[in-house]
Every structure is written in C-alpha cells, then in structure tokens.
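Structure assessment
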Amino acid sequence: MIETKTIEEELDERHAIARAAFLNRDVAAYRALFSPALAYHQINGRVIDRRKLMRDVASQFRRRLDAKWHYTREHLKIDLDEAAETLVQVVTVEMSVFGLIHRTWQLNRRAVYFWTKLGGVWTIGRVQVLSEEGKHLGWRFGVMRR
C-alpha cells in the first residue's frame, strides 16, 4: 500500500529544508524555496522580489555566527494546489562585525506564506509580513567562536 503525504506534511518537509538551508547558510537551497516571481511584502509596505531577498539573505549569512529558528503554524488554508499558511517565527541570530564585535538579536515575525506547486514541489510565491519585531539581546566582544 502506498501512503500519500498530506499537504501539511509536505509543507513541513519544505520548512525543514528551509531551516537547514538557513542554519547552514546555503543560499542556493534557500533560494530554491521561493518562486522566481516572488512578491515579498515587507512590514513597511515595500515589496521586494526574489533577487533582492536573496541579496539580503546572502549578506546576513556572511555576517551571521550562530542562529536558532523555530516557527508555529497558526493557520493553514488549502485550495487545490495552493496553500496559505500563517506562521509565527522566532529567530535568534548572533551577527559579527570585524570578527571581534558580536551582537545578538531576536526577531519575531508573523506572516502569511502563499505556496503553489511548481513542477510538483511546493514553492513560496508570495509573502505578506503582518508583524515584525526585533529585540536586541546583547553584545559580546572577542574572537569568533564556532
């Protein structure tokens, strides 16, 4: 008997890929999660495309020392090969400047992710950030630790 996965399970797998790409600083794997026609609606009302998002992500990956990331799915609406999910994400990152100054931030984001199937794979086509709050958690000085 062949077991089929639910859409929620398929999206959970995509989130696991996203998390691994984020934690491993793998820009190519992270980019593959997003549609080439991505419209990312930021909290300030600005809409950026996939190229701009990936430039921002690559810059963050270069400066980031450590990260923790988890999310909670608040809502999932499925309509054929489209899904809209509302996530609450908590990301804690330690960034470095000059290899000696380290700053830790926590970002809390609530957003709706609109997924579609492209070539049989769930891909994010649009993001609508509903709320975003960054909180500074402290400074650390010294050589980078790994």
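Refer to the structure presented above.
My aim in this report is to walk through the structure given alongside it, one point at a time. (Residues numbered from 1 in each chain as written. Predicted model: local features only at pLDDT ≥ 70, side-chain atom pairs only at ≥ 80, totals over all residues. Heavy atoms only, no water.)

Attention now moves to the overall build of the protein chain. Scanning the protein chain from terminus to terminus reveals three helices and six strands. Scanning the protein chain from its N terminus toward the C terminus, one meets helices and strands in the order α-α-β-β-α-β-β-β-β. Expressed along its principal axes, the backbone C-alpha trace of the protein chain runs to roughly 55 × 40 × 25 Å. Considering the protein chain as a whole, with its 146 residues, one finds that 36% of them fall into the buried category. Look at the contacts in the protein chain between residues 6 or more apart in sequence, and 59% of them connect residues 24 or more apart. About 9000 Å² of surface is accessible on the protein chain, with carbon and sulfur atoms providing 54% of the total. Averaged over its 25 positive side-chain charges, the protein chain has a centre that lies 11 Å from the centre of its 18 negative ones. (Helix = DSSP H or I, 4+ residues; strand = E, 2+ residues; numbered from the N terminus. Buried < 20%, exposed > 50% of the residue type's maximum accessible area, 1.4 Å probe, protein only. Contact = heavy atoms within 4.5 Å. Areas by Shrake-Rupley, 256 points an atom, 1.4 Å probe, with all protein chains shown as cover. Lys, Arg positive; Asp, Glu negative; His and termini not counted. Charge placed at Lys NZ, Arg CZ, Asp CG, Glu CD.)

The subject of this paragraph is the side chain of Arg109. With respect to the element layout, Arg109 can be found in strand S5 (residues 101-118). Taking relative accessible area as the criterion, Arg109 reaches 17% and is therefore assigned buried. The contact partners of Arg109, leaving out residues within four places of it in the chain, are Tyr40, Leu87, Val88, Gln89, Val129, Ser131 and Glu132.

Secondary-structure assignment places Arg73 in strand S3 (residues 64-79). Sequence-wise, Arg73 and Glu85 are twelve residues apart; in three dimensions their C-alpha atoms are separated by 6.9 Å. Once residues within four sequence positions are removed from consideration, Arg73 is found in contact with Glu8, Leu11, Asp12, His15, Glu85, Thr86 and Leu87. Reaching out from Arg73, the side chain makes a polar contact with the side chain of Glu8 at a distance of 3.0 Å. At a separation of 2.8 Å, a polar atom in the side chain of Arg73 contacts the side chain of Asp12. (Polar contact = N/O pair within 3.5 Å; in protein donor to acceptor, adjacent residues only side chain to side chain.)

All right, on to the pattern of salt bridges then. Summed over all chains, the structure comprises nine salt bridges. Lys68 is paired through a salt bridge with Asp66; the nearest N and O atoms lie 3.8 Å apart. Several salt bridges share partner residues, and in doing so they unite Glu8, Asp12, Arg73 and Glu85 into one network. (Salt bridge = Lys/Arg side-chain N within 4 Å of Asp/Glu carboxyl O.)

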